[in-house]
Amino acid sequence: MSEAVVASKTPFGVEAEEGKTYFWCSCGRSGNQPFCDGSHKDTEFRPVPYKAKESGTVYFCGCKQTQNQPRCDGTHRNID
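Presented here is an overview of the structure given in this document. Remember, it's a predicted structure, so these values are computed and weren't measured experimentally.

Some remarks on the environment of Gly56
So, point 1. Mapped onto the elements, Gly56 comes out in strand β4 (residues 56–60).
So, point 2. Among the residues examined, Gly56 registers a relative accessible area of 23% and is labelled partly exposed.
So, point 3. Discounting chain neighbours no more than four positions away, the residues touching Gly56 are Val14, Glu15 and Ala16.

Looking at the side chain of Thr66
So, point 1. On the secondary structure map, Thr66 appears in the segment after β4.
So, point 2. At 2.7 Å, the side chain of Thr66 and the backbone oxygen of Arg71 are in polar contact.
So, point 3. Separated by 3.3 Å, the side chains of Thr66 and Asp73 make a polar contact.

Here we look at the packing of aromatic side chains
So, point 1. Tallying each qualifying case throughout the model produces four aromatic pairs.
So, point 2. Here the aromatic rings of Tyr22 and Phe60 are separated by 6.3 Å at their centres, their planes lie at 55°, and the arrangement is tilted. Pair noted here: Tyr22 is in strand β2 (residues 21–24) and Phe60 is in strand β4, with a separation of 38 residues, a long-range link.
So, point 3. On the numbers, 5.5 Å between centres and 85° between planes, the contact of Tyr50 with Phe60 is edge-to-face. Of the two residues, Tyr50 sits in strand β3 (residues 48–51) while Phe60 sits in strand β4, which places them ten residues apart along the sequence. Just as Tyr50 is buried, Phe60 falls in that class too.
So, point 4. Three or more aromatic residues joined by ring pairs form one cluster here, namely Tyr22, Phe35, Tyr50 and Phe60.

About the cut-offs
Residues numbered from 1 in each chain as written. Predicted model: local features only at pLDDT ≥ 70, side-chain atom pairs only at ≥ 80, totals over all residues. Heavy atoms only, no water. Helix = DSSP H or I, 4+ residues; strand = E, 2+ residues; numbered from the N terminus. Buried < 20%, exposed > 50% of the residue type's maximum accessible area, 1.4 Å probe, protein only. Contact = heavy atoms within 4.5 Å. Polar contact = N/O pair within 3.5 Å; in protein donor to acceptor, adjacent residues only side chain to side chain. Phe/Tyr/Trp six-rings, centres within 6.5 Å; stacked < 30°, edge-to-face > 60°.

Dropping the structure here:
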């Protein structure tokens, strides 16, 4: 399996709407970060759906290394 591209060394804060589904880019190649734009085509990566349970700020992972996909878990602090 290839490694994801680090899109950002910080999370993306997004104002999510309750009940709406967002598709997080897991490959890091999307030009519409943190969301998928189909750039994963021809890779093993697939977008990760996230359905907001309530409205508010969601911190989506930018480094693509989180163990809590699609949300940031602080892993970016360990990336050089």
